[in-house]
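Listed here are the chains, written in short residue letters.
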Amino acid sequence: MEVSFVGKRALVTGAGKGIGRDTALALARCGAKVTAVTRTQADLDSLVQECASITPVCVDLADWGATEAALQVVGPIDLLVNNAGCASLQPFLEVTPDQFDQSFNVNVKAVLHVSQILARGMKARGSGGSIVNVSSQASQCALRDHAVYCATKGALDMLTKVMALELGPQQIRVNSVNPTVVMTDMGRLGWSDPEKSKTMLSRIPLGRFAEVEDVVNTILFLLSDKSNMINGVSLPVDGGFLAC
Ligand code: NDP
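Okay, so let's go over this structure. (Residues numbered from 1 in each chain as written. Predicted model: local features only at pLDDT ≥ 70, side-chain atom pairs only at ≥ 80, totals over all residues. Heavy atoms only, no water.)

Things to note about the packing of helix 1 (residues 18-29) against helix 8 (residues 212-223)
Between helix 1 and helix 8, the least distance of the axes is 9 Å, while the angle of their chain directions is 50°. The pairing of helix 1 with helix 8 is recorded here as oblique in orientation. Here helix 1 and helix 8 pass one another in a crossing that is right-handed. Of the residues in helix 8, those in contact with Gly-18, Ile-19, Asp-22, Thr-23, Ala-26 and Leu-27 of helix 1 are Val-212, Val-215, Val-216, Ile-219, Leu-220 and Leu-223. Its residues assigned to classes, the contact of helix 1 with helix 8 comprises nine nonpolar, two polar and one charged. (Axes fitted to C-alpha atoms, helices over the stretch in contact; angles between N-to-C directions. Helix = DSSP H or I, 4+ residues; strand = E, 2+ residues; numbered from the N terminus. Parallel < 35°, antiparallel > 145°, perpendicular 65-115°, else oblique. Left-handed = near helix turned anticlockwise from the far one by under 90°. Contact = heavy atoms within 4.5 Å. Nonpolar A, V, L, I, M, F, W, Y, C, P; charged D, E, K, R; others polar.)

Remarks on the environment of His-113
Structurally, His-113 is set in helix 4 (residues 97-125). Exposure remark for His-113: the relative accessible area of 3% places this residue in the buried category. Along the backbone, His-113 and Lys-17 are 96 residues apart, and their C-alpha atoms lie at a distance of 21 Å. Among residues more than four places away in sequence, those in contact with His-113 are Trp-64, Thr-67 and Glu-68. (Buried < 20%, exposed > 50% of the residue type's maximum accessible area, 1.4 Å probe, protein only.)

So, the layout of surface pockets
In this structure, the largest pocket occupies an estimated 1,000 Å³ of space. As for the largest pocket, its lining consists of 44 residues, and the residues nearest its centre are Asn-83, Gly-85, Cys-86, Thr-184 and Met-186. Of all the elements in the fold, those that place two or more residues in the lining of the largest pocket are helix 1, helix 4, helix 5 (147-167) and helix 6 (185-191). With seven residues, helix 6 is the single largest residue contributor to the lining of the largest pocket. A class-by-class count of the residues in the lining of the largest pocket yields 20 nonpolar, 17 polar and seven charged. Here the second largest pocket defines a volume of roughly 390 Å³. Gly-129, Arg-173, Leu-223, Asp-225 and Asn-228 are, among the 23 residues lining the second largest pocket, the residues nearest its centre. Elements that contribute at least two residues to the lining of the second largest pocket include exactly strand 5 (129-134) and strand 6 (172-179). Its residues placed into classes, the lining of the second largest pocket shows seven nonpolar, 10 polar and six charged. (1 Å grid on protein atoms, 1.4 Å probe; cavity = no way out; pocket = protein on both sides within 12 Å on 5 of 7 lines; lining within 4 Å. Points joined across faces, edges and corners; volume = space filled by probe spheres on them.)

Encoded structure:
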């Protein structure tokens with residue numbers, strides 16, 4: 001299956017590392033004009049070094065005002081990947097208000113905000129668009145020490161559905177991908193302990209964690225016109241974890 005994004009303008013959040021970085025590079029390889037958003041300038045510098053056509057935007061998405069200002073100067077966007085996310089793991093009884101607010105600010109509130117800004121432009125131009133939110137298997141299955149993270153991703157799945165409902169008439173499709181563990185910086189935080197990873201692996205019928213490429217390919221499919229009739233879904237990329 002050939003996917004081309006020639007003539008499309010894409011924005012990827014959390015594009016400094018991990019899934020977001022490889023998504024930005026893959027979109028550029030497929031012909032899209034890519035804007036990469038993250039909060040660490042050094043990551044943007046190395047990304048632009050790797051792919052000179054990428055436009056970097058450095059902003060902390062947890063900051064509503066700074067995000068508004070940073071995205072006002074970004075031109076029209078057809079394809080949006082809300083990928084930036086954070087995970088801070090702790091037992092339920094030890095969750096603090098700060099950890100709760102930081103996680104919801106990045107994983108949910110920033111998705112709402114960035115999508116509002118860019119979908120307004122898509123609607124005004126009348127040319128439609130596609131938005132992919134990077135959720136998690138944790139949206140649908142309880143994981144120990146993940147109370148806040150699971151809650152943010154559960155909220156994100158429902159936000160995805162309501163966005164699909166309200167933006168669909170403008171031909172803006174909104175879907176999520178819901179990966180199992182991927183051994184990025186974030187994945188290593190939760191699953192480096194061999195005992196923990198063994199237990200998780202035993203619950204994945206395919207017997208392995210997802211590769212970054214598995215997630216990126218699914219994001220590209222949902223962004224592309226190959227998925228033109230898919231709207232409002234939360235698509236697991238989990239080797240069957242959620243099926244069991
Ligand atoms: P990484 O930690 O490897 O990368 C996350 C990227 O998001 C980094 O570039 C980070 O920048 C950026 N980011 C985080 N917070 C902010 C912020 N406030 N403002 C701007 N940028 C920010 O994570 P992954 O690639 O693993 O995760 C990407 C997405 O996939 C997340 O939404 C995550 O929840 C989801 N996911 C990940 C899984 C995994 O096992 N890895 C499994 C399922 C879902 P910086 O480094 O500067 O903070």
